[in-house]
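Close look at the chain arrangement
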Amino acid sequence: MRVISLPGSVERRARMAEQLDATGLDWRFFDGWRTPPPELSYDPARARIARGRVLTPGELGCFASHWALWADFLFNSDADLLLALEDDLLLDPVFFQRLDAAVAAMGPIDYLRLYAKVPAGIRNEAHFLHRHIARFSGKAYGTQAYLLTRRGAARFRRSIRRVERPIDDEMDRFWAHGMAIRAVFPFPVMEVQYGSTIEDTRRVLEPLTAAERARSLLVRGVEKARRIGAATLRGG
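Residues numbered from 1 in each chain as written. Predicted model: local features only at pLDDT ≥ 70, side-chain atom pairs only at ≥ 80, totals over all residues. Heavy atoms only, no water.

1. Some points on the overall build of the protein
Just so we agree on the cut-off: What counts as a helix is a DSSP run of H or I of at least four residues, what counts as a strand is a run of E of at least two, and both are numbered from the N terminus. Radius of gyration means the value over C-alpha atoms here, while the globule rule gives 2.2 Å times the residue count to the 0.38 power. The buried label applies to any residue whose accessible area, calculated with a 1.4 Å probe on protein chains only, is under 20% of its type's maximum; exposed applies above 50%, and partly exposed to all values in between. Between two residues, a contact is recorded if the distance between any of their heavy atoms is within 4.5 Å.
The helix and strand tally for the protein stands at 9 helices and 12 strands. By the compact-globule yardstick of 18 Å for 236 residues, the protein fits well, its C-alpha radius of gyration being 18 Å. C-alpha extents for the protein along the principal axes are approximately 55 × 45 × 30 Å. Buried positions account for 50% of the 236 residues belonging to the protein. Long-range contacts, defined as pairs at least 24 residues apart, comprise 80% of the intrachain contacts of the protein with a sequence gap of at least 6.

Here is the structure:
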């Protein structure tokens, strides 16, 4: 288990440590990043087309931190499964105490959310340790907590080669990386609204030019068509 957190986030770390120590699980903090690594190019102009705006410092830091965590999992450990958490959560201790059973119940699922911000076309797929496996047909958003196999991490790394959307947006693009968006429901974690540790306010949006608007509409239209097509093929 790895908890993404900036080294200076003393209070957040203390709250998470108290909860996680009570589970008896092996865990440690993973120091968050503030900027994307060299192998990930960030072009603000591409972000304005893909997302309609440039990304904020907080979004860039979040993107970099999860990307770096996947690399650490793949290249610096021999674990078969990554449990990734952010440091602004309240945990259901019973679920995490039964994590071995949860992992066994995952079956062939490579990516399983433990939280989502938006109930985007949610439907029940199966029972899961007195809970359910829910599947989303749209973007669920959020990177607060998830389980990821080595194959899933490798798929994300292959699919996401540049920064032009927030990382949760990229992780929800099942039509690009080939993994359905599933979550444990009811969620075993809850997000606490502490605010970003990287930025105090969001950037002021700059209106798109006419040419940018036209390109953005085209890109978003293609994305929607791919999403609908992939969901239809998978029966989602």
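2. Concerning the pattern of salt bridges
Going by this rule: What makes a salt bridge here is a side-chain nitrogen of Lys or Arg within 4 Å of a carboxyl oxygen of Asp or Glu, nothing more.
Scanning the entire structure with this criterion turns up 22 salt bridges. Its salt-bridge partner being Arg-12, residue Asp-87 comes within 2.9 Å of it at the nearest N-O pair. Of this pair, Asp-87 sits in the loop between strand 4 (81–86) and strand 5 (89–91) while Arg-12 sits in helix 1 (residues 10–21), and the two are 75 residues apart along the sequence. An identical accessibility class is assigned to Asp-87 and Arg-12; each is buried.

3. Section: the UniProt feature "domain: Glycosyl transferase family" (unreviewed entry) in the protein
Our working definition: UniProt positions are given in the numbering used here, feature names are shortened, and annotations may be inferred rather than shown by experiment.
Here the UniProt-annotated "domain: Glycosyl transferase family" (unreviewed entry) positions come out as residues 3–170. Within residues 3–170, the helical portion is 39% and the strand portion 24%, while the C-alpha atoms at the span's ends are 20 Å from each other.

4. Thoughts on the nonpolar core
In plain terms, the rule: Nonpolar cores were defined as sets of buried Ala, Val, Leu, Ile, Met, Phe, Trp, Tyr and Cys residues, with membership established by side-chain atoms within 4.5 Å.
Membership of the largest hydrophobic core comes to 35 residues, with the highest contact counts inside it found for Trp-70, Tyr-111, Leu-148 and Phe-156. At the level of elements, helix 3 (57–75), strand 4, strand 9 (145–149), helix 6 (150–159), helix 7 (167–171), helix 8 (174–177), strand 11 (181–185) and helix 9 (210–233) are the ones that each hand at least two residues to this core. No other element matches helix 3, which puts 8 residues into this core. Setting aside residues no more than four positions away along its own chain, Leu-148 makes contact with Trp-70, Phe-73, Asp-80, Leu-81, Leu-82, Asp-110, Tyr-111, Ala-153 and Phe-156.

5. A word on the environment of Phe-63
Looking at the secondary structure, you find Phe-63 in helix 3. When the C-alpha atoms of Phe-63 and Pro-36 are compared, they prove to be 6.9 Å apart, with 27 residues separating the residues in sequence. Excluding residues within four positions of it along the chain, Phe-63 makes contact with Leu-40, Ile-160, Arg-162, Val-163, Arg-165, Pro-166, Ile-167 and Glu-170.

6. What about the pairing of strand 2 (residues 28–31)?
Put simply, the rule is: In short, DSSP must find at least two bridges between two strands for them to pair. When the strands point away from the viewer, a crossover counts as right-handed if the path from the first strand over the helix to the second runs clockwise.
Summarising the sheet, strand 1 (residues 2–5) and strand 2 pair through 4 bridges and their orientation is parallel. Bridge pairing in strand 2 places Val-3 opposite Phe-29. Note that the unit made of strand 1, helix 1 and strand 2 has a crossover that is right-handed.

7. Description of the packing of aromatic side chains
The test is simple: Stacked, tilted and edge-to-face are the three classes applied to pairs of Phe, Tyr and Trp rings, where Trp contributes its six-membered ring and a pair requires centres within 6.5 Å; stacked means planes under 30 degrees apart, edge-to-face means over 60, and tilted covers the rest.
Under the counting rule described, the total for this entry stands at 9 aromatic pairs. Consider the rings of Trp-70 and Phe-156, whose centres lie 4.9 Å apart with planes at 20°: the pair is stacked. Here the residue Trp-70 occupies a position in helix 3, and Phe-156 occupies one in helix 6, the gap between them amounting to 86 residues. As far as burial versus exposure is concerned, Trp-70 and Phe-156 are alike and both buried. With a centroid separation of 5.4 Å and 55° between ring planes, the pair formed by Tyr-115 and Phe-187 is classed as tilted. You can see Tyr-115 sitting in the loop between strand 6 (111–113) and strand 7 (123–128) and its partner Phe-187 sitting in the loop between strand 11 and strand 12 (189–191), a full 72 residues away along the chain.

8. Things to note about unusual backbone geometry
Of note, the amide linkage connecting Phe-185 to Pro-186 takes the cis form, showing an omega dihedral of 0°. Relative to the assigned elements, Pro-186 resides in the loop between strand 11 and strand 12. Not every positive phi belongs to a glycine, and Tyr-141 is a case in point at roughly 65°. Along the chain, Tyr-141 turns up in the loop between strand 8 (131–136) and strand 9.

9. Comments concerning the sheet that holds strand 7
Neighbouring strands of a sheet are bound in pairs by backbone hydrogen bonds; such pairs are parallel or else antiparallel. Note the following rule: To obtain an axis, a line is fitted to C-alpha atoms, over the contacting stretch when the element is a helix, and the angle between two such axes runs from 0 to 180 degrees between their N-to-C directions.
The strand order across the open sheet built from 8 strands is 2-1-4-9-6-11-8-7, with neighbouring strands paired in mixed fashion. Looking at the sheet topology across the chains shown, the edges are occupied by strand 2 and strand 7. Each adjacent strand pair in this sheet contributes to an overall mean axis angle of 30°, direction not counted. Pairing of strand 6 with strand 9, which is carried by 3 bridges, proceeds in the antiparallel orientation. Its bridge partner being in strand 9, Leu-112 is matched across the sheet by Leu-147. Against the sheet, helix 6 contacts strand 6 and strand 9, and its axis sits at roughly 100° relative to strand 9.

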